[in-house]
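# Residue-level structure breakdown
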Amino acid sequence: MKIGIFLEPKSNIKRSITYWKNQFKKKYKNATYLNHPIHLTVFTLDVNSSFLKDIKSGKTNLNLIKNKKLNLKIMSSDCFYSDPITNKNTLYFKVKKNKNLNDFQIRMIKYLKDYRIFKYKKYDFKNLKLNHNMKKYGYPFLHNNWLPHFTICSISKKNLKDELSKKFLKSKLSSEIVISKYSLWLIENEKHTKLKDYIL
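Now for a description of the structure that goes with this document. Source: prediction; values computed, not measured. Each chain carries its own residue numbering, running from 1 in the written order of its sequence. Local features in this predicted model are restricted to residues whose pLDDT is 70 or higher, and side-chain atom pairs enter the listing and the counts only when it is 80 or higher, whereas totals over whole chains, interfaces and linings include all residues. Side-chain metrics in this entry use all non-hydrogen atoms of the structure; hydrogen atoms and water are not considered.

## Description of the overall build of the protein
The secondary structure content of the protein amounts to 5 helices and 8 strands. Starting at the N terminus, helices and strands are each numbered in turn, a helix being any DSSP run of H or I of at least four residues and a strand any DSSP run of E of at least two. Starting at the N terminus, the α and β elements of the protein follow one another as β-α-β-α-β-β-α-α-β-α-β-β-β. The globule rule is 2.2 Å times the number of residues to the power 0.38, and the radius of gyration it is compared with is taken over C-alpha atoms. Computed over the C-alpha atoms, the radius of gyration of the protein is 17 Å, within 12% of the 16 Å expected from 2.2 N^0.38 for a compact globule of 200 residues. Only protein chains enter the accessibility calculation, which uses a 1.4 Å probe; a residue whose area is less than 20% of its type maximum is buried, one above 50% is exposed, and one in between is partly exposed. Residues counted as buried form 49% of the 200 residues belonging to the protein. Surface exposure here means Shrake-Rupley accessible area, sampled with a 1.4 Å probe, where a residue is shielded only by the protein chains that are shown. For the protein, the exposed area adds up to about 11,300 Å²; of that, 50% sits on carbon and sulfur atoms. Where the 43 positive side-chain charges of the protein centre and where its 14 negative ones centre are 2 Å apart. Charge counting follows a simple rule: Lys and Arg are positive, Asp and Glu are negative, and His as well as the terminal groups are ignored. The atoms used to mark charge sites are NZ of Lys, CZ of Arg, CG of Asp and CD of Glu.

## So, the pattern of salt bridges
The term salt bridge refers to a pairing of a side-chain nitrogen on Lys or Arg with a carboxyl oxygen on Asp or Glu at a separation within 4 Å. For the structure on display, the rule yields 8 salt bridges. Two residues, Asp78 and Lys94, come together in a salt bridge whose shortest N-O distance is 3.8 Å. Linking Asp78 in strand β3 (residues 70-80) with Lys94 in strand β4 (residues 89-96), this pair joins segments that are 16 residues apart in sequence. In this structure Asp78 comes out as partly exposed when scored by relative accessible area, which is 24%.

## Examining the side chain of Asn159
Examined against the element boundaries, Asn159 turns out to sit in the loop between β5 (149-155) and α5 (163-170). Setting aside residues up to four positions removed in sequence, Asn159 forms contacts with Tyr28 and Ser165. We call two residues in contact whenever any of their non-hydrogen atoms come within 4.5 Å of each other.

## Thoughts on the sheet that holds strand β6 (residues 172-179)
On the basis of which strands lie adjacent, the open sheet formed by 4 strands has the order β5-β4-β3-β6 and antiparallel pairing. In this open sheet, the two edge strands, each paired with only one partner strand, are β5 and β6. The average angle at which neighbouring strand axes cross in this sheet is 25°, direction not considered. Here a strand pair is declared whenever DSSP counts at least two bridges between the two strands. Pairing between β4 and β5: 6 bridges, direction antiparallel. Opposite Lys94, over in β5, you have His149 as the bridge partner. In the packing of helix α1 (residues 11-27) onto the sheet, contacts are made with β3, β4, β5 and β6, and the angle to β5 comes to roughly 0°. Angles run from 0 to 180 degrees between N-to-C directions of axes, and those axes are lines fitted to C-alpha atoms, restricted for helices to the stretch in contact.

## Some points on the layout of surface pockets
Cavities and pockets are defined on a 1 Å grid built over the protein atoms alone: a cavity is a set of grid points where a 1.4 Å probe fits but cannot escape, while a pocket is an open set with protein on both sides within 12 Å along at least five of seven lines, and lining residues are those with an atom within 4 Å of any such point. Grid points are joined across faces, edges and corners, and a volume is the space filled by probe spheres set on the points. When its volume is computed, the largest pocket comes out at roughly 1,500 Å³. Mapped by element, the contributors of at least two residues to the lining of the largest pocket are β1 (2-7), β2 (40-46), α4 (128-137), β5 and β7 (181-188). When residues in the lining of the largest pocket are grouped by element, the largest group, 5 residues, is from β2.

## Some points on helix α2 (residues 50-57)
Within the span of α2, buried status applies to Phe51, Leu52, Asp54 and Ile55. Down the axis of α2, the buried set is contained in an arc of 165°. They therefore lie on one face. In α2, the exposed positions that point more than 90 degrees away from the buried face belong to Lys53, Lys56 and Ser57. Buried residues along α2 sit against β1, β7 and β8 (191-199). Just beyond α2, the residue with positive phi is Gly58, at close to 90°. Taken from the helix axis, the directions to the C-beta atoms give the arc we talk about.

The structure is reproduced here in structure tokens:
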């Protein structure tokens, strides 16, 4: 099974992201990621079946970090061209990475190492560092290879040239927010189910 650790934005940021998702949904209703909940992915991970049992029983407690809220600076729109996950072009709002955010990611993924399973025997990212991270941690985007962001959708090269995409890429969402909780999600293909919130 796959789980995700997510950060969810506050209402004013969420409204702006929802607006852009809805604009793309009107034109490209089947675009990748459009129906995903609004979040910043800290990481996703394939875990064994005992993980959920241990979460429910309290044997495993993900509330590792307390009294250390995360400050996020949301910046301009951008695109992951030729995204290695979707093989499309992923539109998003950039989030400036900081030490607390980076430390949070590494601490959380290391804590779950005993539950990790290696679903993929072959790592074929073109970037050797991504392959290394996938093999070592079970998630490719870590350290300098992690670019925190809020995703809008992922679209084809052809659709990237339309007026809506151009308008999005010129837009800005400059804001600073404080994240006071993170959440654990179960991911089943396109279905995302929140399991629990954790207070920072």
